[in-house]
Amino acid sequence: MSGLPLVEPPEPLGGGVSRPTQSPPRKTDRVGLDSLAGARGSTDGATPPWDDWLAEAAGAREAAGLTRRLRPRGADDGLVDLAGNDYLGLSRHPEVRHAAAEAAMRWGGGAGASRLVTGTLTLHEQLEAELADWLGQPAALAFSTGYHANLSVVGALADRSAHVVSDAHIHASLVDAVRLSRAQLTVVPHNDVAAVRAALAARPGVRSLVLAESVYSVLGDEAPLAELAEVCTEHGALLVVDEAHGVGVHGPGLVHRNGLAGRSDVLVTATLSKSLGSQGGAVLGPPAAIDHLVNTARPFIFDTGLAPASTAAALAATRIARTRPELADTIRARVAGLASAFGIPSPAGAVLSVPMASPEAAVAAQADLLAEGVRVGCFRPPSVPDGVSRLRVTAGAGVTDEEWERAVKAIDTIVGEVR
Ligand SMILES: Cc1ncc(COP(=O)(O)O)c(C=O)c1O
């Protein structure tokens, strides 16, 4: 997938009042489908043809300016790529590529089986040990995607009898995880610690999980992790922190920086597909929680183990990220410089979101930049929690200073014209 997060439109609860729902709120991520009343079914009981239904859905997307198309890119297209999530520029690092190639030659193209059958490789063990050591956690478990890691944590720890308190801006994978778990859900306004406290207090004695991202993907801001952890401790809740945009950009991540690594009531999920330039995910935390996931998490149990090439690439990238903190420093400097050029607050992550007047303006600016040799991303509904379309510019460490400066100049000119 493109890496653009598909975020559930928020259903925040005003004034910190907790309102549990039996199932997660209805969403509108299937753009256009909700307007297809005519194609949903006919009054005479005949099933409408699928072709008609698909054509109507495509028409509704087109009319809303929200059609998405896959745009395959070549391996070396000469563009300055500021659209991806390869924040540290490690996916093309020679050591990472060699590690992937060697692992493919040694182990084969795939892990060959699910982890509990014969798909656990010593390579997985090495990656898990190295990640746990870096992030200051007692144990880790690798997954085939970060999406699977999130599905697994919530699915294995929450059921109908559990209560999940979720920030309004969490990633689609956590939204889906809550749905699958069938847990009782309270969605709280973004970064509202008082609302989290109120939600937990409203259900004393109920096993509760609090979900947050250390750095929010679209808004780019940081979660108040220390306060959230304190509230969780007060109420005996487990804090689950998705560090997809924190690990690498902030060294071993913000859970670590906040002194929360290794706590028994904090679990971390991470992706290997952004700063670590590979593919896959991980969960880190107490051995008992990891053991529980191995034994009960369906997206782990019923999935083939992470491919050897991806595992080895992530391992090599982890070792580089650990020993080259200047890569993260480059990101911080670039993102701060670009944010100040646009007069917007500097995000905590590597991605700058530039608000645009409309989805059309965002798409036009993206196309103009492409013509100038610069690839940027574009967030449009439903991938934005507040309906505001944005250009998405990754201030990664993978481009040279000359490329970065050229790109910033083009962005400044083009966005200034169409914004
Ligand atoms: C916050 C967050 N969590 C989880 C994921 C899923 O990670 P992966 O791409 O490894 O499945 C993403 C990816 O976009 C993300 O942004």
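Keep in mind it's a predicted model, so treat the numbers as computed, not measured.

1. What about the nonpolar core?
Leu209, Val210 and Ala282 are the most contacted members of the largest nonpolar core, which has 125 residues in total. The element best represented in this core is helix H12 (residues 308–323), accounting for eight residues. Sequence-distant contacts of Leu209, that is, excluding residues within four places in its chain, are made with Val154, Leu157, Ala158, Ala162, Val164, Ala237, Leu238 and Val240.

2. Side note on helix H8 (residues 225–235)
Every buried residue of H8 is accounted for by Leu225, Leu228, Ala229, Val231 and Cys232. The buried residues of H8 all sit within an arc of 165° when viewed along its axis, so they share a single face. Packed against the buried residues of H8 are helix H7 (193–201), strand S5 (208–213), strand S6 (238–242), helix H9 (254–257) and strand S7 (266–271).

3. Re the sheet that holds S6
In space, the seven strands of this open sheet follow the order S2-S8-S7-S6-S5-S3-S4, with mixed pairing throughout. The open sheet is flanked by strand S2 (139–143) and strand S4 (184–188), the only strands paired with a single partner. Averaged over all pairs of adjacent strands, the angle between strand axes in this sheet comes to 20°, irrespective of strand direction. Strands in contact with H7 are strand S3 (163–167), S4 and S5; relative to S4, the strand with the most contacts, it is inclined by about 155°. Sheet strands touched by H8: S5, S6 and S7. Its angle to S6, the strand with the most contacts, is close to 155°.

4. Considering the sheet that holds strand S9 (residues 351–355)
Read across the open sheet, the four strands follow the order S1-S10-S11-S9; overall the sheet is mixed. Taken across any chain shown, the strands that pair with only one partner, and hence form the sheet edges, are strand S1 (80–82) and S9. For this sheet, the mean angle separating the axes of adjacent strands, direction not counted, is 30°. As paired elements, S1 and strand S10 (residues 374–379) share three bridges and run parallel to each other. Considered in S10, the bridge of Asp81 is made with Arg375. Where helix H14 (residues 359–371) meets the sheet, it contacts S10 and strand S11 (390–394), and its direction lies at approximately 165° from that of S10.

5. Notes on the site of the ligand
If you check the shell around the ligand, you find 16 residues, and the closest are Thr145, Gly146, Tyr147, Ala244 and Thr271. Examining the composition of the shell around the ligand, we find that three residues originate from one element, helix H5 (residues 146–157), more than from any other. Residue classes in the shell around the ligand are distributed as three nonpolar, 11 polar and two charged.

6. Brief notes about the packing of helix H3 (residues 94–107) against H12
Direction vectors running N to C along H3 and H12 enclose 150°, while the axes themselves pass 7 Å from each other. Relative to H12, the element H3 is oriented roughly antiparallel. Once H3 is placed against H12, the crossing between them reads as right-handed. Along its contact with H3, which presents Glu95, Val96, Ala99, Ala100, Glu102, Ala103, Ala104 and Trp107, the element H12 presents Pro308, Ala309, Thr311, Ala312, Ala313, Leu315, Ala316, Ala317 and Ile320. Across the contact of H3 with H12, the residue classes break down as 14 nonpolar, one polar and two charged.

7. Remarks on the environment of Ala132
The residue Ala132 is located in helix H4 (residues 122–135) in this model. Look at Ala132 and you get buried, because 22 C-beta atoms sit within 10 Å. Each C-alpha atom of the pair Ala132 and Ala261 lies 9.8 Å from the other, and the pair is 129 residues apart in sequence. Not counting residues up to four positions away in its chain, the partners in contact with Ala132 are Gln137, Pro138, Ala139, Ala140 and Leu284.

Rules and cut-offs
Residues numbered from 1 in each chain as written. Predicted model: local features only at pLDDT ≥ 70, side-chain atom pairs only at ≥ 80, totals over all residues. Core = buried A, V, L, I, M, F, W, Y, C linked by C-beta atoms within 7 Å. Buried ≥ 20, exposed ≤ 12 C-beta atoms within 10 Å, placed from the backbone. Helix = DSSP H or I, 4+ residues; strand = E, 2+ residues; numbered from the N terminus. Contact = placed C-beta atoms within 7 Å. Arc of directions from axis to C-beta. Pairing = 2+ DSSP bridges. Axes fitted to C-alpha atoms, helices over the stretch in contact; angles between N-to-C directions. Near = placed C-beta within 6 Å. Nonpolar A, V, L, I, M, F, W, Y, C, P; charged D, E, K, R; others polar. Parallel < 35°, antiparallel > 145°, perpendicular 65-115°, else oblique. Left-handed = near helix turned anticlockwise from the far one by under 90°.

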